[in-house]
Amino acid sequence: MFCRKCGAEMEGGARFCPKCGLPVADATEEPSGEFGQAPDDADEAVEQLVRVEDEGEPTGSVAASPESADGGSTGKVFGLESDSADAGAEGAVAPARTTRSKKPFIIAVIVVVLLVLGGSGYYFGVVAPERAREAAEQEGLAAECVVRVSVSAEGWDTAAGASRVPLRVEGREERGKKVNRVYYVDSAGAGLKLRRGTYTVIVAGSPIATDGTIYAVPDTEVEVKVDEKSAAKKDGVDATGDTVELSPVPATDVTDEQIAAAKKWAEGDKGAADAGCTFDAEALATAAAKRRDDAVAAKKAEEEAAKRAEEAKQARTIDTDYFTMVLPDWFPIDEYEITSMNWSSVGAPAAFRVSKIGGNQDPNQDADFYIFAYTEQPSFGACFSTVVGTTSDGLKVQIAGGSYGAGSDGSIIDDRPFDMDPQSYANALAACVTLK
């Protein structure tokens, strides 16, 4: 006989199907197919069989073994023997209900909990701190540090309206990014904001002072290193190295190109207002051009004055192989003339006369005089006379002049050239002579 439910073969007298546990009363119907075959719907039987196997041991079915010799019964619950709860009941076996063990589930839960706790401990003990450290490190690398560069330039004051000086910064940040850009710095050295790294700072162009001064661009390089310690300072750090010195270009030497370049740099300073620096690039460039033009005009006037002075000096100069005489500024050379005299025949190889133009000199103010070098002194009358000295060739140099004798009315002429007594006048003239 076969079980109607699962198709398993059952022995005669069995009360339950040894395969699926179905009571015999319900399982004795013969299968509708050939003897030994599965129920009519073979596919359904197979599906049920698979379902039963997949679901595991049933929790309410008891498989009974054949009756025992003493009228009791011993049942097998899924292969495990179970004594009947009531041995007096004929052929009756008290079904034994089995429960799936919770131990594997508890073990699994414990394992999961341990894994979770272990993972949490690892995360909060290792991963989270490391991530926090990395985040703090990245934040530190990205933070900007105020760097002050000392710049000295005569007459340059951004607080008074001068433009800021452009500085080119080249280098590399610690996080690997290359830097090559222009920053603008004021007279206090403020304006640089750099991240941790190593840099070189050079002057990119000239600022313009409020009076229009343009500065020469030096080739000074300032090395700047921003490390973790310096970056942590809230008030910033000072760049190490020498002060950047900006020397004014002489106003007369300033070119239009230099003014245009300085103006362009000033116009490119877009952050000046935010930094508290206010200036007008156009006005500064105009001031620079005016300063240059005024200086050029002044220099030209000075050169012309010097030229005239040189010409006047030449007009006052008597230069020979034996002496050089430069008449003093108080002598009115424009009213006098210098005439070379040929006195070589009387032993004076060099002789000159300085006399009033037109010969209309006041007899009582006779400033005419002679200066000559001689081996033998010429003989002539004079109101005043003095020997200046002796040349390297052994010639004497003498000054003599003024009126001599008496006037037409017989009176003695008392010369007072330039309101000086004759001898004082002669000595003043001698002081203007350099012997050779």
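Throughout this description, residue numbers start from 1 for each chain and increase along the sequence as written. Since the coordinates come from a predicted model, pLDDT governs what is reported: local features require at least 70, and pairs of side-chain atoms require 80 or more to be given and counted, while whole-chain, interface and lining totals use all residues. Where side-chain values are given, they derive from all heavy atoms of the structure, hydrogens and water being excluded.

Draft legend 1. Here's a closer look at the overall build of the protein chain. Numbering of helices and strands starts at the N terminus; helices are DSSP runs of H or I of at least 4 residues and strands are runs of E of at least 2. Along the backbone of the protein chain there are seven helices and 20 strands. Burial status follows relative accessibility: with a 1.4 Å probe on protein chains alone, a residue under 20% of its type maximum counts as buried, one over 50% as exposed, and anything between as partly exposed. When the 436 residues of the protein chain are sorted by exposure, 33% land in the buried category. Counting contacts in the protein chain only where the partners sit at least 6 residues apart, residues at least 24 apart contribute 57% of the total. Here the Shrake-Rupley method, with its probe set to 1.4 Å, supplies the accessible areas, and only the displayed protein chains count as covering residues. Surface accessibility of the protein chain: about 25900 Å² in total, with carbon and sulfur atoms responsible for 50%. Residues count as neighbours in contact if any of their non-hydrogen atoms are within 4.5 Å of one another.

Draft legend 2. Spotlight on the pattern of salt bridges. Salt bridges are counted wherever a side-chain nitrogen of Lys or Arg sits within 4 Å of a carboxyl oxygen of Asp or Glu. Counted according to the given criterion, the structure contains 13 salt bridges. For arginine 292, the salt bridge is made with aspartate 293, and the minimal N-O distance between the two is 2.7 Å. One network of salt bridges, with partners in common, ties together Glu144, Glu173, Arg175 and Arg195.

Draft legend 3. Local environment of the sheet that holds strand S10 (residues 221–226). The sheet built from four strands is open, its strands ordered S7-S6-S9-S10 with antiparallel pairing. Taken across any chain shown, the strands that pair with only one partner, and hence form the sheet edges, are strand S7 (178–185) and S10. For this sheet the average axis-to-axis angle between neighbouring strands, irrespective of direction, equals 25°. Any two strands between which DSSP finds at least two bridges are classified as paired. Here strand S9 (residues 197–203) pairs with S10 via six bridges, running antiparallel. Bridge pairing in S10 places threonine 198 opposite lysine 225. Axes here refer to lines fitted to C-alpha atoms; in helices the fit is confined to the stretch in contact. Angles between the N-to-C directions go from 0 to 180 degrees.

Draft legend 4. Highlighting the packing of aromatic side chains. A pair of Phe, Tyr and Trp rings is counted when the ring centres sit within 6.5 Å of each other, with Trp represented by its six-membered ring. The angle between the planes then sorts it: under 30 degrees is stacked, over 60 is edge-to-face, the rest tilted. Under the criterion given, the structure shown has 10 aromatic pairs. Relative to phenylalanine 418, the ring of phenylalanine 331 lies with its centre 5.6 Å away and its plane at 70°, an arrangement referred to as edge-to-face. In this pair, phenylalanine 331 is assigned in the loop between strand S14 (323–326) and strand S15 (336–343) and phenylalanine 418 in the loop between strand S19 (396–401) and helix H7 (422–430), connecting sequence segments 87 residues apart. Since its relative accessible area comes to 0%, phenylalanine 331 is described here as buried. Grouping aromatic residues by their ring pairs yields a cluster made of Trp330, Phe331, Tyr336, Phe369, Phe384, Phe418 and Tyr425. Between the NZ or CZ atom of arginine 181 and the centre of the ring of tyrosine 183, over which it lies, the distance is 4.0 Å. Either the NZ atom of lysine or the CZ atom of arginine qualifies as a charge over a ring when it sits within 6 Å of the ring centre and within 35 degrees of the ring normal.

Draft legend 5. Quick look at the confidence of the model for the protein chain. The quantity called pLDDT is the predictor's confidence in a given residue, expressed from 0 to 100. Considering every residue of the protein chain, the mean pLDDT works out to 80; 78% of them sit at 70 or more. Segment residues 29–43: pLDDT under 50, and 14 contacts once partners within four positions in sequence are set aside and those in other chains are kept. Across residues 45–94 the pLDDT falls below 50, and counting only partners more than four positions away or on other chains, this stretch makes 58 contacts in the model.

Draft legend 6. Quick peek at the sheet that holds strand S8 (residues 192–194). Taken together, the three strands give an open sheet; going across it, the order is S8-S4-S11, and neighbouring strands pair in mixed fashion. Looking at strand neighbours, the two that pair on one side only are S8 and strand S11 (237–238), the edges of this open sheet. In this structure, strand S4 (residues 145–148) lies alongside S11, joined through two bridges in parallel fashion. When the sheet's bridge partners are listed, valine 147 is paired in S11 with valine 237.

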